[in-house]
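Each chain, letter by letter, is given below.
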Amino acid sequence: MVVPCLPVRQPLTLRSFPIYSAVSSKVFGRQGNGIRGRNRVTSFSCANNNGQRESVVQHRRKVVEHICLLKAKRDLSNDEENNILDYLYTSQYQMRGIVAVSLGQISGQIKEDYTHAVFMRFRSKEDLGKFYENPFYLEVLKEHVLPYCHGLMNVDYEAEVEDDILPIFRKGEEFNYGVEFVLLIAFVEAAIGEPAEDALTSLQGLAMECPSLIVQCTQGSNFSSNEEYTHGLVIRFRSFEAFEIFLSSSGYRDMWKSKFEPIARKTLAIHFAVDPVGNEIM
């Protein structure tokens, strides 16, 4: 199996769309659309600024990650593309439960005809379920997305993030720019469980050791109705250069060959650029 790694670098002419934080006093008020309940305390080892390993204790909180990959029609115009992404972005202001959104045109070589990606974070599975059934979202799909696409795929998984407002809501300068990397994996049936979890946990641990390259990494088991992929992982890189460094590193490649290749039946790796536009969209 081919290691999900760097595409052939091309001139950065593809249009990219920014991350849109769902944190806004105008939307949520002083109480906010907050996440309640601290889940657990996790201790892990990571590298400090001097490259030395040190023990870190973090309070962790559960969130639900939603990935939607779109297959846009080949003759899609710029206005139609903007319309699709603008309406998907606006969903966060029409319903409760969405705490962060990023979306954009997939960079590099097109894989399986997927052209655009949408990432959303929810407070809970219940909020995600309400999102799927929300009349506004259903109308967005019917009127503004499906007429311009010939397919889409959803992957949903529960993950844990640091129990603090900035990493939960993906808010602040660190999240205003960079590269969103999405990795979908279909593990062989015999590996579902401990082997798959060990592989994903190892990759997440490697990401935690690279704070100069990576802002956040989440992973989990897919519970959506789509069964094509069993697990998902999302990494926010600080820059395209950071993305290149990590995916071309011997640590990543060696881990992939030892942990993933023996048990992964199928993978899909895509990425898209995130541009700084400030913290709110008016």
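Residues numbered from 1 in each chain as written. Predicted model: local features only at pLDDT ≥ 70, side-chain atom pairs only at ≥ 80, totals over all residues. Heavy atoms only, no water.

(A) Fine view of the pattern of salt bridges. Counted under the stated rule, the structure contains nine salt bridges. Put simply, Asp 127 and Arg 123 hold a salt bridge, and the shortest N to O gap is 2.8 Å. Residues Lys 259 and Asp 198 are paired through a salt bridge, measuring 2.7 Å at the closest nitrogen-oxygen approach. Of the two residues, Lys 259 sits in helix 8 (residues 250-260) while Asp 198 sits in helix 6 (residues 194-208), which places them 61 residues apart along the sequence. Judged by its relative accessible area of 30%, Lys 259 is partly exposed. Residue classification places Asp 198 among the partly exposed residues on the basis of a relative accessible area of 37%. Several salt bridges converge on common partners, so that one network encompasses Arg 170, Glu 180 and Arg 236. (Salt bridge = Lys/Arg side-chain N within 4 Å of Asp/Glu carboxyl O. Helix = DSSP H or I, 4+ residues; strand = E, 2+ residues; numbered from the N terminus. Buried < 20%, exposed > 50% of the residue type's maximum accessible area, 1.4 Å probe, protein only.)

(B) Geometry of the pairing of strand 4 (residues 98-105). Counting buried positions over the eight residues of strand 4 gives eight, a clear majority of the element. For strand 4 and strand 5 (residues 116-122), the ladder comprises seven bridges, and the chain directions are antiparallel. Residue pairing in the sheet places Ala 100 in a bridge with Arg 121 of strand 5. (Pairing = 2+ DSSP bridges.)

(C) Region of the structure containing the packing of helix 3 (residues 125-133) against helix 4 (residues 135-145). Running from N to C, helix 3 and helix 4 cross one another at 50°; their axes reach a closest spacing of 5 Å. When the axis of helix 3 is compared with that of helix 4, the two are oblique. Residues Phe 131, Tyr 132 and Glu 133 of helix 3 touch helix 4, and the partners they reach there are Pro 135, Tyr 137 and Leu 138. (Axes fitted to C-alpha atoms, helices over the stretch in contact; angles between N-to-C directions. Parallel < 35°, antiparallel > 145°, perpendicular 65-115°, else oblique. Contact = heavy atoms within 4.5 Å.)

(D) Seen up close, the side chain of His 116. Looking at the element boundaries, His 116 is found in strand 5. Assessed through its relative accessible area of 6%, His 116 is described here as buried. In this structure the side chain of His 116 is engaged in a polar contact, spanning 2.5 Å, whose partner is the side chain of Glu 81. If near-sequence neighbours (up to four positions away) are discounted, His 116 is found in contact with Cys 68, Leu 69, Leu 70, Ala 72, Leu 76, Glu 81, Leu 85, Gly 104, Gln 105 and Ile 106. (Polar contact = N/O pair within 3.5 Å; in protein donor to acceptor, adjacent residues only side chain to side chain.)

(E) Summary view of the nonpolar core. Formed by 32 residues in total, the largest nonpolar core has its most connected members in Phe 237, Phe 246 and Phe 260. Sorting the residues of this core by element identifies strand 7 (178-187), helix 6, strand 8 (214-221), strand 9 (231-237), helix 7 (240-247), helix 8 and strand 10 (264-274) as the ones contributing at least two each. Counting 24 residues, the second-largest nonpolar core is a separate cluster that includes Val 99, Tyr 114, Ala 186 and Ile 270. (Core = buried A, V, L, I, M, F, W, Y, C linked by side-chain atoms within 4.5 Å.)

(F) Highlighting helix 6. Spanning 15 residues, helix 6 covers 20 Å between terminal C-alpha atoms, matching the ideal 21 Å at 1.5 Å per step. For helix 6, every residue scored as buried is listed here: Ala 196, Ala 199, Leu 200, Leu 203, Gln 204, Leu 206 and Ala 207. Buried residues in helix 6, looked at end-on, bunch into an arc of 160°, giving them a common side. (Expected span 1.5 Å × (residues − 1). Arc of directions from axis to C-beta.)

(G) Focus on unusual backbone geometry. Unlike most non-glycine residues, Glu 112 shows phi in positive territory, near 55°. Even without a glycine there, the phi angle at Asp 113 is positive, about 70°. Inspection of the secondary structure assignment puts Asp 113 in the loop between strand 4 and strand 5.

(H) Representation of the sheet that holds strand 9 in the model. Pairing is antiparallel in the open sheet, where four strands are placed in the order 8-9-7-10. Both outer strands of the open sheet, strand 8 and strand 10, are each paired with one neighbouring strand and no more. Going from strand to strand, the sheet's axes swing by 10° on average, the running direction of each strand aside. Note that strand 7 and strand 10 share ten bridges and pair antiparallel. When the bridges of strand 10 are listed, Gly 178 appears paired with Val 274. Strand contacts of helix 7: strand 7, strand 8, strand 9 and strand 10, with the helix running at about 130° to strand 9, the strand carrying the most contacts. Strands strand 7 and strand 10 of the sheet are contacted by helix 8, whose axis makes an angle of about 20° with strand 7.

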